Amino acid sequence: MLNAIIPLLLDSFASAALIFFAAVGLTLVFSVLRVLNVAHGSLYSIGGYVAASACLFIASRQLNPYLSFVALILSAIFVAAILGPLIERSLIRWTYGKSEAVQILVTFGLFLILEDLQRIVFGVQSFYEDAPMQLLGTTTIGGVVYLNYQILLIGLAVLVVIGLRLLIRRTRLGRLITAVVADREMAQSIGIDTNRIFVLAFSLGVFLAALGGALATPTSGVAPGLGADTMVLAFAVAAIGGLGQIEGAAVASLIVGLARVLAIYLAPALDAVAPYAAMLFVLLIWPNGLFGSVAARRI
Amino acid sequence: MRIVLAAAASVALAVSAILAPWLQFVLTLAIAKGFAALGVAVLLRAGLISIGHAMFFAAGAYGVAFLARAGVADFAVLLILSIMSAAFTGAVAGLFLVRYRAIFFAMLNLAVSMVFYALCAKLYGVTGGSDGMPIPDPRIFGVVFSEPVFKQVLFYFSLTLMVLVGFAVHRYLDSPLGHALSAVHTNEIRLEYLGIPVWAVLLVAYVVSAALAGLGGAIAGFAIGRVVPDFAFWTASGHLVLIAVLGGIGGVPGAFIGALFLELLHTAAVTVTDAWNLIVGVALIVVIMFMPRGFYGLVARKEAPAR
């Protein structure tokens, strides 16, 4: 019995770690900016493309292969530093205070643009560079062989949850963000530069998305269509956890990861359906997600 | 005045297909997508934005394909039954989707449509997987037409339906039930205090919009001769929303104007570039930022609806 459960749990943890990276940026941006960024999945796949290109470059020049780990992180920072401020300043800022329909449409337009730009820049072939995964080797647990890279991903996901919590609760920036989330106008009136907070929070969200894409490429590669799939999955996770709840997203990733692994074990054809089935089930019972707060109805 | 404009536009469409026969297929598709976008626009009235209506579009087309496989060969029966299948799908999905608003409504529609898409693509034995299903040319009241003639009949039939259904939807939106939609957008709690059940208003609108999308899907299926899971993919849903917004949510003609514009632009653009989504994305953002009431808003200078 235990022999059957441990691999199942480890598989779902590894799956959950990747799902969490896709979702956490989305939920963070939503909690601070109150904008659901439909283009989030594209930023994830751009991170993947940049990281894969960097790793391929390192492999082709026969540099020290361990550099590719640095490349994974650096490419995420690179994407966030360029695209984060650019997108927030040009498009997202324009939608503050507008209706949700407008915000969804503008970011959806951005998604369409980014998807085609990726196709133009990186082509339609898939990128796959598994050097970082091969470097770390494997571990055998209970007779089943695991990739150390997957275990590393689980650890990184836990680190990100803790890091974000410390950032929000313990640092000055985190306090400022909390103030802006709680009451935007009041924060502004006591002298907090909300525009700066928005740029920072959005860029952090882009970084987390790009990091997720970068970390996923050694295991599954990156190909056209990844952005769309990631977006829907990320939303499913964010909605289950309660939009804007970071810890909620972590718990939801575990649920979705488990649902997915169970589907692969029991009914492989339904693998793609499992996350949405989980989302529908949760939202039918808790319409605001597991950790979401109920908004007051205004007359 | 507006009736004259609508009549003139319909006649212009009919004539242009005679002058330039290659336009016929493009125009048929444009009308088909116009129906689906009209469905999206009905829900937009209530402030509900659905990024999942391609599901009902596909449901209409798959309805035709399944019925055709089962041996139904009459055009009218196929059309009516497939619209009913889309409306039924809409009623089932709508029963719980109309409980949600704003982002959750948009994204849950998206999720449901992605489940539909995944099922269509994965259940190879039933739906033919990503190969899709063929849709043979049906008989029309027992008469068998050759393919070019059928496509011609289909075009003029769709054009007629556009006028008739467009008028019916216009009447629906002008009825108390239709006006209740804008009231939901403005303030749904007041509506409840007036004793109007909001969920019923929205469920009716949802079923109507699903049926419209199904009608569009059935016509598109007949015109193309095949239905594939990509009909239900979420970018297709996004294009429907774009059409509805592009045309302006003010009136019924907007959806068809938007669809016509987008299909013609698509036809012109594919000869130059394959970055079609890029163009659509830029157009969407420009329209939202600078023409919030869409093309139709430029023509019909009515007062902006209260927000």
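Each remark here, short or long, concerns the structure printed above.
Reading the values: the criteria
Residues numbered from 1 in each chain as written. Chains lettered and ligands numbered in written order. Predicted model: local features only at pLDDT ≥ 70, side-chain atom pairs only at ≥ 80, totals over all residues. Helix = DSSP H or I, 4+ residues; strand = E, 2+ residues; numbered from the N terminus. Rg over C-alpha atoms; globule rule 2.2 N^0.38 Å. Buried ≥ 20, exposed ≤ 12 C-beta atoms within 10 Å, placed from the backbone. Contact = placed C-beta atoms within 7 Å. Expected span 1.5 Å × (residues − 1).

(A) A look at the overall build of chain B. If you tally the helices and strands in chain B, you get 13 helices and 2 strands. Radius of gyration (C-alpha) of chain B: 19 Å, near the 19 Å computed for a compact globule of 307 residues. Taken along the three principal axes of its C-alpha coordinates, chain B extends 55 × 40 × 40 Å. Relative to its full complement of 307 residues, chain B shows a buried share of 50%. Partitioning the contacts of chain B with sequence separation of at least 6, the portion at a separation of at least 24 is 80%.

(B) Region of the structure containing the interface of chain A and chain B. Residue-level contacts link 33 residues of chain A with 34 residues of chain B. Counting only elements with at least two residues in the side of chain A that touches chain B, the list comes to α4 (100-122), α10 (226-241) and α12 (274-285) of chain A. A per-element tally of the side of chain A that touches chain B places α4 of chain A first, with 15 residues.

(C) Helix α9 (residues 198-224) of chain B, seen in detail. All names here are of chain B. Over its 27 residues, α9 runs 38 Å from end to end, which matches the ideal 39 Å to within 8%, given 1.5 Å per residue. In terms of burial, α9 is a largely internal element, 21 of the 27 residues being buried. Positive backbone phi, approximately 85°, marks glycine 225, located one or two places after α9.

(D) Structural context of unusual backbone geometry. A positive phi angle, near 60°, is found at arginine 34 of chain A, a position not held by glycine. Topologically, arginine 34 of chain A is positioned in the loop between α1 (2-33) and α2 (40-60).

(E) Quick peek at the environment of arginine 45 of chain B. All names here are of chain B. Counting through the fold element by element, arginine 45 comes out in helix α2 (residues 23-45). Judged by local crowding, arginine 45 falls into the buried class, with 21 C-beta atoms found within 10 Å. Spatially, the C-alpha atom of arginine 45 lies 19 Å from that of alanine 87, the residues being 42 residues apart in sequence.

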